[in-house]
Number of protein chains: 2
Amino acid sequence: MTPNVTMQDVARAAGVHTGTVSRALNEATRDRVSADTLRRIDKAVRDLGYVPNPIARSLRTATSNTVGVVIPDLTNPLFPPMIRGIQSVLDSRGFSPLIVSTDYDPQREAAAISALLARQVDGLIVATARLNDPTFERLADQGTRIVMINRRLGGRDLDSVTADDETGMGLVISHLAELGHERILCLAGPQDTSTGVARLRGFRSAVESHGLDRDQKLIRICESWTTEQGAIQLTSALDENIPFTAVVAATDLIALGCYDAMAERGLSCPADLSVAGYNDMPLMDRLAPPLTSVAVPQFDIGREGARLFLAGMDDSDRLPRTILLPVSLSIRGSTAPPV
Amino acid sequence: MTPNVTMQDVARAAGVHTGTVSRALNEATRDRVSADTLRRIDKAVRDLGYVPNPIARSLRTATSNTVGVVIPDLTNPLFPPMIRGIQSVLDSRGFSPLIVSTDYDPQREAAAISALLARQVDGLIVATARLNDPTFERLADQGTRIVMINRRLGGRDLDSVTADDETGMGLVISHLAELGHERILCLAGPQDTSTGVARLRGFRSAVESHGLDRDQKLIRICESWTTEQGAIQLTSALDENIPFTAVVAATDLIALGCYDAMAERGLSCPADLSVAGYNDMPLMDRLAPPLTSVAVPQFDIGREGARLFLAGMDDSDRLPRTILLPVSLSIRGSTAPPV
DNA sequence: TTGAAAGCGCTAACAC
DNA sequence: GTGTTAGCGCTTTCAA
């Protein structure tokens, strides 16, 4: 690889000892070195093309300047912008993200987390929280720095950054109510996640406050956040002949499944049924028809999550913070007045 | 964090020395330890919940079981599936990818690569190659293991996995020719990349072999692989009043730009103009209209790239291999006979 | 087959 | 302000 020039070499070239070189190269201790020595060391570093070995540093300091980023699925367009947000903050502080994809599988998640901890990450930014999973609280108790993004835990809250799901759902329902819809089908997400629960709660309270039909049959829980589940649930709702004129999905992928189910039945959107999604992922504005959706600030979620993480690094006993980011409604062609 | 149990602790518990523990825990040297000792060590490991510290291991062995993955843009839907492919292979061998996003910026790329090398990655899987960039050849000469995916280098070829771009472009042109198009506009990609060049070459030779119009004005080079460039280039082609009935874009994003430019002019696709993309990214089948595109095996590109990487790890002086993966054409609503 | 010992490159007490 | 010293946790000669 690189011709390994070590701190020893620099020390020799500058005529000082490695301890001094270390001090000179460290932001925090740099001022404890005389200006002249500093100059000689800097020159030696440049001349030799010295680049510090972070492995050795990590071994000594037991910190790795590395943070594990736990994502359910990299190919879900929701997450890449969050990762970008995370990287934008981490880069500026010399931290590197170690990204793992868990495929929504608790087993894989556990394995991935063990691997990350073994690699001595300085903490975790986690987008896969489930409500009744003690894993992260336990880790936090053991001193692992953890920030939840996208979803929160059930019990004691750790640092978290999520979008305001209840409000978001309220925006959709207001919009549909204004269009004149009275019976709205809700395809809720898995209820073992904070987003699944919060969006459903938002649906319920908005339906109530707008005086819409509160028929329990208008609520169906998807088993997963997938297109397939969206199609299955809408199909079976249609099969049951429950009347409704609009459907709001807990996520854009579920809404895509609605498109599929409707296509299969020869139904057209929004003529036969209005459809709204959630998250406003990239490309949702280009679908046929363009999807009305709640826009969540994906990049910002990542960015704020990383900031929270760094803040925690700087001050270990801060109280956990819960950040709720604002959402907005992107109104498009998939929603229209009922016929 | 974790109550740090070290190899020392295991050695003590098993009544042996650390050297023996090390041998026992290493696949390659495990058979040089007696069955009895092995048992005691394994028991101690379990009892104490010992997990090896890869940092210390890396410092000693100068390998990190880590590979840098250099991606231009994580939010480009083309890349996440490749990363999945990479992870699927790396996981099984205990390697971790270190993913960096360069934003198509050579400066950021250089910085990212330095950081990766400093972190002692065992090599690089690179999706950002440019034709006349000596960086990677130089690194390879210095002994860094490198696999190019998605794009290749210009000169001496390193290990690489790409899709068969010339053939792919041929498929599109054949399709359009069969529909009856004779003047096809090509929005080629940047010519400093192998994909940009190969797809344009494929266009030229297919146009020739089908006896279509070879007007040089029907070829325009985009400055970047972006929606914006697609819109700009199509708009200016339309402004110049060059006649054409179809446009083939070097990439789906460029094709999306064509959709935008056409919308702005009130043109409709495919009635006024057929449009074809390249890569067949996720969701392209759901656009309005669904985009005809060349499907490249994104996951497989990543997977084969990672395999090549591991093969190189196992046998340092293999000859570089160039893998060309087959493509197929996804015919959809954006292409139709000219009117 | 196992033990002893050295050292990967760095940081951090502690002296001076 | 700088040198000295002692490791961080592991692997790998070399002997026994």
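I will try to describe carefully the structure that is included in this document. Predicted, not measured: the structure shown is a model, and the values here were computed from it.

## A short note on the overall build of chain A
Scanning chain A from terminus to terminus reveals 12 helices and 12 strands. For chain A, the C-alpha radius of gyration of 25 Å lies well beyond 20 Å, the compact-globule estimate for 339 residues. A principal-axis box enclosing the C-alpha atoms of chain A has dimensions of 85 × 40 × 30 Å. The proportion of buried residues among the 339 residues of chain A is 55%. Sequence-distant contacts, at least 24 apart, represent 71% of the contacts inside chain A between residues at least 6 apart. If you sum the accessible surface of chain A, you get close to 14400 Å²; carbon and sulfur atoms cover 50% of it. Between the averaged position of the 34 positive side-chain charges in chain A and that of its 41 negative side-chain charges there is a distance of 10 Å.

## Structural notes on the sheet that holds strand β3 (residues 124-126) of chain B
Residue and element names in this part refer to chain B. The strand order across the open sheet built from six strands is β2-β1-β3-β4-β5-β11, with neighbouring strands paired in parallel fashion. Looking along the sheet, the strands with just one partner apiece sit at the ends: β2 (96-101) and β11 (322-325). Each strand axis lies, on average, 15° off the axis of its neighbour in the sheet, ignoring direction. Note that strand β1 (residues 66-71) and β3 share three bridges and pair parallel. Looking at the pairing, Val-70 lines up with Val-126 of β3.

## A look at the protein's contact with DNA strand C
Inspection of the region around DNA strand C gives 23 residues, with Met7(A), Tyr50(A), Arg60(A), His17(B) and Thr37(B) positioned closest. Counting only the atoms of DNA strand C that lie within 4 Å of the protein, the sugar and phosphate share comes to 68%. One nitrogen or oxygen atom from the main chain of Met7(A) is found 2.4 Å from a phosphate oxygen belonging to DNA strand C. The set of elements that each furnish at least two residues to the surface near DNA strand C consists of α2 (18-25) and α4 (54-61) of chain A together with α2 (18-25) and α4 (54-61) of chain B. With four residues, α4(A) is the single largest residue contributor to the surface near DNA strand C.

## Section: the interface of chain B and chain A
The partner chain A presents 47 residues to the 47 residues of chain B that form the contact. Buried surface at the junction of chain B and chain A, both sides included, amounts to about 3900 Å², of which 59% is carbon and sulfur. Measuring nitrogen to oxygen at the nearest pair gives 2.6 Å for the salt bridge that ties Arg84(B) to Asp73(A). Across the chain B-chain A interface, the total number found is 18 residue pairs in polar contact (both at pLDDT 80 or more).

## Focus on helix α10 (residues 227-239) of chain B
All names here are of chain B. Helix length check: α10, at 13 residues, gives a terminal C-alpha distance of 18 Å against a target of 18 Å (1.5 Å per residue), a fit within 8%. For α10, the complete set of buried residues consists of Thr-227, Gln-229, Gly-230, Ala-231, Gln-233, Leu-234, Ala-237 and Leu-238. Contacts from the buried residues of α10 go to β6 (184-188), β7 (219-221) and α11 (252-265). Backbone geometry just after α10 places Asn-241 at a positive phi near 60°.

## Some remarks on the pairing of strand β10 (residues 292-295) of chain A
Residue and element names in this part refer to chain A. Pairing of strand β9 (residues 274-279) with β10, which is carried by four bridges, proceeds in the parallel orientation. Across the sheet, residue Asn-279 finds its bridge partner in β10, namely Ala-295. With three bridges connecting them, β10 and strand β12 (residues 328-330) associate as antiparallel partners. Considered in β12, the bridge of Ser-293 is made with Ser-330.

## Concerning the nonpolar core
Of all hydrophobic cores here, the largest spans 92 residues; its most connected members are Ile125(A), Ile149(A), Phe203(A), Ile125(B), Ile149(B) and Phe203(B). Ignoring any residue separated from it by four or fewer positions in sequence, one finds Ile125(A) in contact with Val67(A), Gly68(A), Val69(A), Val70(A), Ile86(A), Val147(A), Ile149(A), Gly305(A), Ala306(A) and Phe309(A).

Calculation rules
- Residues numbered from 1 in each chain as written.
- Chains lettered and ligands numbered in written order.
- Predicted model: local features only at pLDDT ≥ 70, side-chain atom pairs only at ≥ 80, totals over all residues.
- Heavy atoms only, no water.
- Helix = DSSP H or I, 4+ residues; strand = E, 2+ residues; numbered from the N terminus.
- Rg over C-alpha atoms; globule rule 2.2 N^0.38 Å.
- Buried < 20%, exposed > 50% of the residue type's maximum accessible area, 1.4 Å probe, protein only.
- Contact = heavy atoms within 4.5 Å.
- Areas by Shrake-Rupley, 256 points an atom, 1.4 Å probe, with all protein chains shown as cover.
- Lys, Arg positive; Asp, Glu negative; His and termini not counted.
- Charge placed at Lys NZ, Arg CZ, Asp CG, Glu CD.
- Pairing = 2+ DSSP bridges.
- Axes fitted to C-alpha atoms, helices over the stretch in contact; angles between N-to-C directions.
- Near = heavy atom within 4 Å.
- Polar contact = N/O pair within 3.5 Å; in protein donor to acceptor, adjacent residues only side chain to side chain.
- Buried area = accessible area lost by both parts, 1.4 Å probe.
- Salt bridge = Lys/Arg side-chain N within 4 Å of Asp/Glu carboxyl O.
- Expected span 1.5 Å × (residues − 1).
- Core = buried A, V, L, I, M, F, W, Y, C linked by side-chain atoms within 4.5 Å.

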